[in-house]
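Remarks on the overall topology
In case you want the letters, here they are:
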Amino acid sequence: DGFSAEEIQSLQTLADVCAVVLSNIHDFQAMQEKNRLAALGAMAAGLAHEIRNPLAGVQGAAQYLQNEDVSDDAQEMLDIIVDEAHRLNIVVSQFLDYARPFELNLTPDHINALVGKGLTLVKAQGLPQGITVKEDLSGDLPSLFLDGARLSQVLINLLLNALQAMPDGGTLSVQTRRRVARHGNDMAEIVIADTGVGISRENLEKLFIPFFTTKEQGTGLGLAISQRIVQSHGGEIEAESLHGRGATFIVRLPIPEEDEQQENLDESI
């Protein structure tokens, strides 16, 4: 016979209470994550200090000995020491970037401009042989308040990963577009796809876990840091792939309502 007005009102009240509870749970989880990252950042700073000082000594001593008259075998060992010390220093630096809390420097910027800059920097390093780049940048994306330097870091990391996944050549596709997300809000999407070796289903689930990597010289922090940067903008990043058929990474950033966007612009001025 349907619901009475009183039953509908009771259901509405229950729904409102549930919404408040879920919101409180989300806020509590966010606070826990913030506290966890703060503690991790403090630990990372101390750990980096303890590692970097002796590491600099080891690297400096090896570089000094490289200039001495030593055997070829000894010279090869010294080269390995210097290279591995340099790589370890990079790991420590990236770990600090991941662990320490950071503040965004938000300024009006355009997604297409950031994508174009990232592509230019990658091309300037020299594209591997057999690589074709395809661009499809949407013209209906508004300027957004972004930390351009950090988002450029994300884009360059994704672009370089795509190129490394195509050792025998292939197509690098870069697209920007406007989409409506599942929750109904407009999102700006950056899609970076390759036709490389792809990612297995097992590895796909671990991509954004710190220190997980399938590269011999990888640190396993590039994607974890990229995810933190995107999430700090209120966005999300996801990966899609079939093993042997390439991979696609999608970065989604929220597009504020026009009134909210104008208010942010007025505040920046």
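We now turn to the structure provided with this report. (Residues numbered from 1 in each chain as written. Predicted model: local features only at pLDDT ≥ 70, side-chain atom pairs only at ≥ 80, totals over all residues. Heavy atoms only, no water.)

So, the pairing of strand 7 (residues 247–254)
- In terms of residue burial, strand 7 counts as a mostly covered element, since seven of its eight residues are buried.
- Where strand 5 (residues 186–193) meets strand 7, seven bridges bridge the pair, whose relative direction is antiparallel. Following the sheet pairing, I190 is matched in strand 7 by V251.
- Bridge analysis of strand 6 (residues 236–241) against strand 7 gives six bridges, and the strand direction is antiparallel. If you follow A239 over to strand 7, its bridge partner there is F249.
- Turn length for the strand 6-strand 7 hairpin, with the two strands adjacent in sequence and antiparallel, is five residues, and the turn residue G244 shows positive phi of about 90°. (Buried < 20%, exposed > 50% of the residue type's maximum accessible area, 1.4 Å probe, protein only. Helix = DSSP H or I, 4+ residues; strand = E, 2+ residues; numbered from the N terminus. Pairing = 2+ DSSP bridges.)

A few points about the layout of surface pockets
- Considering only enclosed or pocket space, the largest pocket measures out at about 710 Å³ in volume.
- Around the largest pocket, the lining is made up of 30 residues, and of these N161, T213, T214, K215 and L223 lie nearest the centre.
- Broken down by element, the residue count for the lining of the largest pocket peaks at five residues, all from helix 4 (residues 148–164).
- Here the lining of the largest pocket is built from residues that sort into 13 nonpolar, 15 polar and two charged. (1 Å grid on protein atoms, 1.4 Å probe; cavity = no way out; pocket = protein on both sides within 12 Å on 5 of 7 lines; lining within 4 Å. Points joined across faces, edges and corners; volume = space filled by probe spheres on them. Nonpolar A, V, L, I, M, F, W, Y, C, P; charged D, E, K, R; others polar.)

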